[in-house]
Amino acid sequence: MKTSDAPAVMEPQAPDTLLTLRAAPATHVTIRGLCKSFAGQPLYNNFNLDLPRGRIVSIFGPNGCGKSTLMNMVAGLVKPDSGEILFDGKSLKDTNIGYVFQNYRDALFPWITAWDNIAYPLRRKGMKEAQVRERVDELITLFEIRFDLQRYPYELSGGQMQTVCIMRSLAPRPEVMFLDEPFSALDFEMTLFIRSKLQDAQMATGVTMVIVSHDLEDAVFLADRILLLTRRPTRIAEIVPFDLPRPRAPEAVSDPEFVRVKAHTLEVFRREMSA
Amino acid sequence: MNSLHLVLNKLFDKRALPLIGPLLLFALWQLAISAQWVKPVLLPPPGETLQHLWGTFASGSIYGDLYATVYRTVCSFGIAVVIGVPLGVVLGSSEAAYRSVEFLIDFFRSTPSSALIPLFLLIFGITDVNKIAIASFGAMLIVLFNSAYGVMNAKKTRVMAAQIMGVSKWHVFKDVLLMESLAQTFVGLRSAISMALVIVIVAEMFIGSETGLGHRIIDAQQVFNVKEMYTSILVTGALGYLLNLLFLLAEKKLIHWSGKA
């Protein structure tokens, strides 16, 4: 993952593009010259970032640094003031993405069953019913679902609802999957469960994942790279690699490497908080 | 309080509890007559009234009026829905459009429709059309307002979830916004049918009418036929109650997620 928050060499004021700042090898998503202000206050100014293919990147940073805003700009939910975001050189509208919201209750469609929720994006893409069934069954096997998917979302527990959300976003085989604080409304047991399911799903599909988390342990546990942001105007404080082999068991949190990375991340975070 | 609770539980099946209120009312009614608080000429005994009620159904003399009222109410409601729901949904999906007519909607919603009767008389004359027109106007505002708010208050997350999947604008509208608005729309429908009935009854009473329960009530009052008057009032009340119940049951069945998500 190669990054630069310095302006391009030849024109100090001009924002970067993919032409002035090349992508690092094995990059999936390139963000160049991204600018975004809120009420005249710059949040991002000429922000550059490469997201590596098939890896999980956690975004972590102080409150109000725009972790979610950054992810939502990449996912197309928030319009940047300027800048270019390309997926393998394609624009967003030619790219299949998935998104998991913090608020699973508001994200699912309560008028159809959990099963139909998962099938919805497939049916809307015009997939034949037999293939839809096949794909949903595949996901059921992958997630080892043991609760009744013929129930309506409001009849499920929080963890079950979030699982359905993740299955729904994975159903159309997205290239990139975005997760906005997916655990923050879940209890510890469900967090462990969904964390391991996400890891399984990522290993099985090789999807590129971006996770925003406010919990340091969750951020580090799943990540291949931890993207640490500064206070606004937001820059990259550091990108911490975390290469503990997968699958990582819940006990990985006491692994010396985990402890070291987490401590280092915390140190950078505190430095940025007081900066 | 607790012992009363126990006694009630012992005496009645839980399902019979809703009957207690009406029985108490009839008891109080009978008491008012037995104790001679009210002259019988103003208030007939409940037993005789119920007997009269039975008689009007047995002889079939009430069916014409009942049918006329139901027909007008259903027509008005139908017109209100056909205009109000699509218009409300369209206005609701464009906040700017709704804001620009919000004052008009709120103004006429706050104006008792009965106050508009003279205006409608000028336009439509003393006709059946007039009664249906004014009732559908009053009901339509309620439907429109609720449908619009249903769409406007659609959960943003749900809309975003659909957009992220890359579904078309039309499908976001049909699959999410419209479905989201249904719960609120049904609240509107239930209030609207009650409003339609109220206006139809008032119109039948005061806009020259030959039929309808409102006409029956005011006719009975003119000739001091109190039994007939109370009977018609009871039937009108029962009609309103049944319509409301019908919509509640339909809502429970169709909008199963209402209040849960």
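As the structure is a computational prediction, the values presented were derived from the model and not from experiment.

Conventions we followed
- Residues numbered from 1 in each chain as written.
- Chains lettered and ligands numbered in written order.
- Predicted model: local features only at pLDDT ≥ 70, side-chain atom pairs only at ≥ 80, totals over all residues.
- Helix = DSSP H or I, 4+ residues; strand = E, 2+ residues; numbered from the N terminus.
- Rg over C-alpha atoms; globule rule 2.2 N^0.38 Å.
- Buried ≥ 20, exposed ≤ 12 C-beta atoms within 10 Å, placed from the backbone.
- Contact = placed C-beta atoms within 7 Å.
- Expected span 1.5 Å × (residues − 1).
- Pairing = 2+ DSSP bridges.
- Axes fitted to C-alpha atoms, helices over the stretch in contact; angles between N-to-C directions.
- Parallel < 35°, antiparallel > 145°, perpendicular 65-115°, else oblique.
- Left-handed = near helix turned anticlockwise from the far one by under 90°.
- Nonpolar A, V, L, I, M, F, W, Y, C, P; charged D, E, K, R; others polar.

## Comments concerning the overall build of chain B
Scanning chain B from N- to C-terminus turns up eleven helices and zero strands. When the helices and strands of chain B are read in sequence order from the N terminus, they spell out α-α-α-α-α-α-α-α-α-α-α. Over its C-alpha trace chain B gives a radius of gyration of 23 Å, far above what one expects of a compact globule, namely 18 Å for 261 residues. With respect to the principal axes defined by its C-alpha atoms, chain B has extents near 70 × 60 × 30 Å. When burial is assessed residue by residue, chain B has 34% of its 261 residues classed as buried. Long-range pairs, those at least 24 residues apart, make up 74% of the contacts in chain B with a sequence separation of at least 6.

## Let's talk about the interface of chain B and chain A
Taken residue by residue, the interface counts 14 residues in chain B and 17 residues in chain A. Element by element, the count of residues in the side of chain B that touches chain A is highest for helix α8 (residues 156–164) of chain B, at five residues.

## As for helix α2 (residues 20–34) of chain B
For α2(B), which comprises 15 residues, the first-to-last C-alpha distance of 21 Å matches the rise-based estimate of 21 Å (1.5 Å per residue) to within 8%. For α2(B), the buried fraction is low: zero of the 15 residues fall into the buried class.

## Some thoughts on the environment of A:I194
Residues and elements named next belong to chain A. Here I194 lies in helix α6 (residues 188–205). Through-space distance from the C-alpha of I194 to that of L179 is 12 Å; in sequence the pair is 15 residues apart. Setting aside anything within four residues of it in sequence, one finds I194 in contact with G159, Q162, T163, P182, F183 and L186.

## Observations concerning the pairing of strand β1 (residues 27–38) of chain A
Residues and elements named next belong to chain A. As paired strands, β1 and strand β2 (residues 41–52) are joined by eight bridges and run antiparallel to one another. Bridge pairing in β2 places L34 opposite F47. Between β1 and β2, which pair antiparallel one after the other, the connecting turn spans two residues, and A39 there sits at a positive phi close to 50°. Bridging between β1 and strand β4 (residues 82–87) involves five bridges; their strand directions are antiparallel. Pairing of V29 across the sheet is with F87, part of β4.

## A look at the packing of helix α7 (residues 128–152) of chain B against helix α9 (residues 169–206) of chain B
Residues and elements named next belong to chain B. Running from amino to carboxyl end, α7 crosses α9 at an angle of 160°, the nearest separation of the two axes being 7 Å. Put simply, α7 runs roughly antiparallel to α9. As α7 runs across α9, the sense of the crossing is right-handed. In terms of residue class, the contact of α7 with α9 is built from 19 nonpolar, nine polar and three charged.

## As for helix α11 (residues 226–254) of chain B
Residue and element names in this part refer to chain B. Between the first and last C-alpha of α11 there are 42 Å, a value that for 29 residues agrees with the 42 Å anticipated at 1.5 Å per step. Inspection of α11 places E228, M229, Y230, T231, S232, V235 and T236 among the buried residues, and these make up the whole buried set. Those residues of α11 that are buried lie in contact with α3 (46–59), α4 (63–93), α9 and α10 (213–222).

## With respect to the sheet that holds strand β3 (residues 56–60) of chain A
Residue and element names in this part refer to chain A. Across the sheet, six strands lie side by side as β5-β6-β7-β3-β8-β9; this open sheet has mixed pairing. Bordering the open sheet on either side are β5 (97–100) and β9 (236–241), each of which pairs with just one other strand. Neighbour-to-neighbour, the strand axes of the sheet open up by a mean angle of 15°, direction not taken into account. In terms of strand pairing, β3 meets strand β7 (residues 208–212) through four bridges, oriented parallel. Each residue of the ladder has a partner; that of I59, found in β7, is V212.

## Section: unusual backbone geometry
All names here are of chain A. For the peptide bond that leads from R232 to P233, omega is -5°, which places it in the cis range. With respect to the element layout, P233 can be found in the loop between β8 (225–229) and β9. Even without being glycine, A39 reaches a positive phi, approximately 50°. Mapped onto the elements, A39 comes out in the loop between β1 and β2. Look at D88: it is not a glycine, yet its phi comes out positive at around 55°.

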